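Each chain, written out:
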Amino acid sequence: MSSAWGNQVERWRAGINAWVTSETDTTATIRVEAVWQSVAWGYNVSNGVSAFCDCDGSDTPYVGTGGVYASNGETRTISMYTRDFVVPKTGSDRDVRCGAGVRLAGGYHDGTSRAYCTVRISHRTWYQPHRPANFAARRSSDTSQSLTWSGDYTGLDGGYPWSGVYVDRGRDGATPSNLATLGWAATNYSDNSTEAGHRYDYRLYSYGPGGTSQATDTLTLYTTPIACGTLTAYKPTATTVGLRATDAPAYVDSWEFQASTDGGATWADSAFDEGWVCADPPKGTVRFRVRAIKSSGGSSPVTLYGAWAESNDVATLCAPLAPNVSAPDVVATGTAVTVTWQDNHPDGTAQSAAQVEVTAANGTVTTADVKGAAASWTRAASQQASAGTIRFRVRTKGDHADWGEWSSYAVVRVAVAPRAAITSPAASQVLDALPLAVAWEVADATGVSQQSLSIADASGAVVWSATPGKGVRSLSVGTEAGFTNKSSYTLTYSMRAGSGLTLTKTVAFSTDWAQPDAPTVTPTVGDGYTLEILIESAQTEPAAVSFDVVRVNPDGSKTTLVSGLKGGQTAYDSLPPLNVAYSYEVHAYAASGAVLNYVMPYLLDSDGHEVLSFGSAAQEHLALRYDAQGSESGKASGETFHFALGTGQDPLPAFYADGDIDVTGSHSYVIADADEYRAARRKLRAHADGWFRDAWGNVAVVAYSYQISYDAKQYMQWQLQLDVTETMWEEPNRG
């Protein structure tokens, strides 16, 4: 509080009290009080008393107040008038002048007394300054970078005064630190301490009595990239060139490559991939150079080109290597010989010429010139007039001035061609009876090293083949060829002579014979769903003298049940598939060898039964039907392995099958007859394996285990559980 007394009028005077009651960031509220004081005197004035208060230059009028009273001889102080004033704060602390006064005009000791004092108020509040505006960075040169900005501040009377600007800089990714401290009015700065080959990051702060501003955005400038330290050219393959650099510049947007074939006198652009490999370099002795390209960045970016780095010289042309040559191992006299080759040019250039060197059987050496890219040459047939050995070798030429290496020799033997003829059957012979007599003749000075025969039907399918010994010249072909009547066939004879020459002869023939008529075939279902097949010959000529009976299984495979059966005899099938379509073939043979193939389709309905057969000939059977239930499971065997493929890869193991499989099954039935129960128990106990035929046409050899159970609540019912494991297939004895 600030207080003062004014001038004394008679025996009284006015006084002032002033103090700050409250403040904001920009103002202060000052309360001014006017007081009256008697000076050891008595007063009783009720009218004509007024007072005023003012502050900081305000002009306020007197206002009427209450009277003044004091006892005789009393010094008394009375508060006459109080008023609050809101005054502005400025950019510095200051003293505010305040005044107060009292006027008496009631007729006793009239007059005016005024008093003045000052009250100290602080400066206004300052805030964190605004950061510099419109910050821009621009390259001037490799050694100087220009920074500009705009001020965004107030005076000290405002809330955001600046005292100055901080300039921070970071080099090559380092955190920026103070580079310069500038005055508040600065709007630009030149950094004259930069160097080529670097990155510079700039940011600004303002600072003032309110603290330090937030940083501006960081702006980045680049200086010209430096040249690579060393540049080495090498050849990753015969036709490509790669470059390796040391001490490469750190900041690069792209690379420019050039090549020179004249020692650096002239240069031309060259294409390199991301791995710095040129797939199609110029031909010759080549030198390469490379430089980095980088944008300067900043508000006015320019493209900066680094200095060139030159490589060593590398040769992209070279003489060819030896070509790969091929020629026949052997030719017949009077036959032309063609030699072919594949050039081997490491520099990738095309063949421009070739030479073929020929060493004749008499040792004479000649050379033939081949122009252009041709990759073969033929020696005329007349030059192979007699037997002997000829050697060939080849060399090629590309863009390089020198011939390439000679190839190794390709050796060709010239031999007299073998002669052969098929003497039986004759051309277009009609075969009216079996067997077919086959005979042939062969003449060759070097002998027969290999020979073969085959017979094909009209479709080209081979129905018979043989590889007789070297000295064999005849043989016979019977029913094993499966000849059909009124059909066309081709016999082919092939041989290889000791010289290596080969020869093939063919002859066509056909069949047309009198064949037996179809027999009468009568199937009868036997115990355990077996089948007895009665074969009765037709009573016509030519008569059938024997029969073969073959089952054609549902999958198309064939099983021979019996061969050489006579008319009136019975074929026995102990394992016919159940409840699926299949067939039987009956081959009827006449005395002449003529054959008739009779096909009987069949389906054996088992009425829901499944059959387990026992014995070496599958001659004992257990047929089961009631309440049948079954299941099958299989598992292929092999190894699983976990591989350490790394994070993010499939965590499951890999499986490698070994080709084996385990197949098991479970089957259950109800037996409702005591005799059938006893028979089933006896048969199951007597064997450990057998043939199992299910109701769906499947047949398998199985090892088994069983369980028979019963319950008094279900009188005369036995539960049979049959667990099977499939084993390797074997046919039952059919003798």
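As shown above, the structure is provided for reference.
Residues numbered from 1 in each chain as written. Predicted model: local features only at pLDDT ≥ 70, side-chain atom pairs only at ≥ 80, totals over all residues. Heavy atoms only, no water.

Visitor: Please set out the overall build of the chain residue by residue, giving values where relevant.
Guide: When its secondary structure is counted, the chain shows one helix and 56 strands. For 735 residues, the compact-globule estimate of 2.2 N^0.38 gives 27 Å, and the chain exceeds it by more than 25% at 61 Å. Overall, the chain is about 180 × 105 × 40 Å in size when its C-alpha atoms are taken along their principal axes. The 735 residues of the chain split such that 40% are buried. A fraction of 62% describes how many contacts in the chain between residues 6 or more apart in sequence connect residues 24 or more apart. On the chain, roughly 36,900 Å² of surface is accessible, and the fraction owed to carbon and sulfur atoms is 47%. (Helix = DSSP H or I, 4+ residues; strand = E, 2+ residues; numbered from the N terminus. Rg over C-alpha atoms; globule rule 2.2 N^0.38 Å. Buried < 20%, exposed > 50% of the residue type's maximum accessible area, 1.4 Å probe, protein only. Contact = heavy atoms within 4.5 Å. Areas by Shrake-Rupley, 256 points an atom, 1.4 Å probe, with all protein chains shown as cover.)

Visitor: An account of the sheet that holds strand β6 (residues 63-64) is requested, with residue identities and associated values reported.
Guide: One open sheet holds the four strands; their spatial order is β6-β5-β9-β10, and the pairing between them is antiparallel. If you trace the sheet from one side to the other, it starts and ends with β6 and β10 (111-121), each paired once. Taken together, the eleven bridges between strand β9 (residues 94-104) and β10 define a ladder with antiparallel strand orientation. What sits directly across from Asp-95, in β10, is Arg-120. (Pairing = 2+ DSSP bridges.)

Visitor: Run through the nonpolar core, naming residues and quoting values.
Guide: General note: in soluble globular proteins, nonpolar side chains tend to be found buried as a group. Core analysis: the largest hydrophobic core is formed by 32 residues, its most contacted members being Ile-30, Val-32, Trp-36 and Cys-98. Contact partners of Trp-36, with chain neighbours within four places excluded, come to Trp-12, Arg-13, Tyr-43, Val-68, Tyr-69, Ala-70, Arg-76, Thr-77, Ile-78, Met-80, Val-102 and Leu-104. Ranked by size, the runner-up nonpolar core spans 27 residues in total, among them Ala-420, Leu-436, Tyr-489 and Leu-503. (Core = buried A, V, L, I, M, F, W, Y, C linked by side-chain atoms within 4.5 Å.)

Visitor: I'd love a proper account of unusual backbone geometry, names of residues and values included.
Guide: Excluding glycine, most residues fall at negative phi; most peptide bonds, likewise, are trans. In this structure, Pro-425 follows Ser-424 across a cis peptide bond, with omega equal to 0 degrees. As for its position among the elements, Pro-425 is in the loop between β35 (419-424) and β36 (429-431). Omega for the bond connecting Leu-434 with Pro-435 falls within 30 degrees of zero, at 5 degrees, which places this linkage in the cis form. Here Pro-435 lies in the loop between β36 and β37 (436-443). Notably, Glu-10 is not glycine yet its phi reads approximately 50 degrees, a positive angle. Position of Glu-10 relative to the elements: it lies in the loop between β1 (2-9) and β2 (12-23). Non-glycine residue His-109 carries a positive phi angle of around 50 degrees.

Visitor: Lay out the environment of Ala-426 with the relevant residues and their values.
Guide: One can find Ala-426 in the loop between β35 and β36. For the pair Ala-426 and Val-102, spaced 324 residues apart in the sequence, the C-alpha separation amounts to 164 Å.

Visitor: Any details on a nonpolar patch on the surface? Residues and values, ideally.
Guide: A contiguous nonpolar surface patch, about 440 Å² in accessible area, is contributed by Phe-641, Phe-643, Leu-645 and Tyr-656. Its location among the elements puts Leu-645 in the loop between β52 (629-641) and β53 (654-671). Since its relative accessible area comes to 54%, Leu-645 is described here as exposed. (Patch = residues over 30% accessible without salt bridge, like charges linked within 9 Å, V, L, I, M, F, W, Y side chains within 5 Å. Salt bridge = Lys/Arg side-chain N within 4 Å of Asp/Glu carboxyl O.)

Visitor: Give a description of the pairing of strand β56 (residues 718-726) that names residues and reports values.
Guide: Where β53 lies against β56, eight bridges are found, and the strand directions are antiparallel. Considered in β56, the bridge of Ser-666 is made with Asp-723. In the sheet, strand β55 (residues 699-710) pairs with β56 via nine bridges, with the strands oriented antiparallel. From the neighbouring strand, Tyr-710 faces β56, where its bridge partner is Trp-718.

Visitor: For the packing of aromatic side chains, give the residues involved together with the corresponding values.
Guide: This structure, assessed with the given rule, holds 22 aromatic pairs. When the centroid spacing of 5.5 Å and the interplanar angle of 70 degrees are considered together, the rings of Tyr-43 and Tyr-108 count as edge-to-face. Taken together, the residues span a long stretch of sequence, with Tyr-43 in strand β4 (residues 43-45) and Tyr-108 in the loop between β9 and β10 at a distance of 65 residues. When its relative accessible area of 2% is taken as the criterion, Tyr-43 is described as buried. Given a relative accessible area of 35%, Tyr-108 falls into the partly exposed group. Here Tyr-677 and Trp-718 contribute two aromatic rings whose centre-to-centre distance is 4.7 Å and whose plane-to-plane angle is 5 degrees, an arrangement assigned as stacked. Of this pair, Tyr-677 sits in helix α1 (residues 674-686) while Trp-718 sits in strand β56, placing them 41 residues apart in sequence. Each member of the pair, Tyr-677 as well as Trp-718, carries the same accessibility label: buried. (Phe/Tyr/Trp six-rings, centres within 6.5 Å; stacked < 30°, edge-to-face > 60°.)

Visitor: Explain the pattern of salt bridges to me, and be specific about the residues and the numbers.
Guide: Throughout the structure, instances matching the rule amount to 23 salt bridges. Note that Asp-168 is salt-bridged to Arg-203, the shortest N-O span being 3.7 Å. A residue pair is termed long-range when its members are at least 10 positions apart, and Asp-168 in strand β13 (residues 164-171) and Arg-203 in strand β16 (residues 199-208) qualify at 35 residues. Using a relative accessible area of 8% as the deciding quantity, one classes Asp-168 as buried. One salt bridge connects Arg-678 with Asp-675, and the closest N-O pair in it is separated by 3.4 Å. In this pair, Arg-678 and Asp-675 are both assigned in helix α1, three residues apart and thus about one turn of the helix distant. Looking at Asp-675, the relative accessible area reads 57%, which means it is exposed. It is possible to trace a salt-bridge network through shared partners that takes in Arg-171, Asp-172 and Glu-195.

Visitor: Tell me what's going on with the environment of Gly-99, and back it up with residues and numbers.
Guide: Its place among the elements puts Gly-99 in strand β9. Through-space distance from the C-alpha of Gly-99 to that of Asp-54 is 5.1 Å; in sequence the pair is 45 residues apart. Beyond its immediate chain neighbours, meaning those up to four positions away, Gly-99 contacts Ile-16, Val-32, Phe-52, Cys-53, Asp-54, Ala-115 and Tyr-116.

Visitor: Can you explain α1? Please cite residues and give values.
Guide: Compared with an ideal rise of 1.5 Å per residue, which puts 13 residues at 18 Å, α1 spans 18 Å between its outermost C-alpha atoms and is within 8% of the ideal. What α1 keeps buried is the set Ala-674, Tyr-677, Ala-680, Lys-683 and Leu-684. Elements in contact with the buried residues of α1: β50 (610-614), β51 (620-624), β53, β55 and β56. The N-cap residue of α1 is Asp-673: its side-chain oxygen and the backbone nitrogen of Asp-675 are 2.9 Å apart. (Expected span 1.5 Å × (residues − 1). Polar contact = N/O pair within 3.5 Å; in protein donor to acceptor, adjacent residues only side chain to side chain.)

Visitor: Tell me about the sheet that holds strand β45 (residues 544-552), residues and numbers included.
Guide: Reading across the sheet, the four strands line up as β46-β45-β48-β49 and stay open at both edges, with antiparallel pairing between neighbours. Edge strands, defined here as strands with exactly one partner in the open sheet, are β46 (558-565) and β49 (595-603). Each adjacent strand pair in this sheet contributes to an overall mean axis angle of 20 degrees, direction not counted. Of the pairings in the sheet, the one linking strand β48 (residues 581-590) to β49 comprises nine bridges and is antiparallel in character. Bridge pairing links Glu-585 to Val-599 in β49. (Axes fitted to C-alpha atoms, helices over the stretch in contact; angles between N-to-C directions.)

Visitor: Account for the side chain of His-587, naming residues and giving values.
Guide: Mapped onto the elements of the fold, His-587 is located in strand β48. Polar contacts involving the side chain of His-587 include one to the side chain of Asn-597, which spans 3.1 Å. Residue contacts for His-587: discarding those within four places in its chain leaves Ser-546, Phe-547, Asp-548, Val-550, Val-595, Leu-596 and Asn-597.

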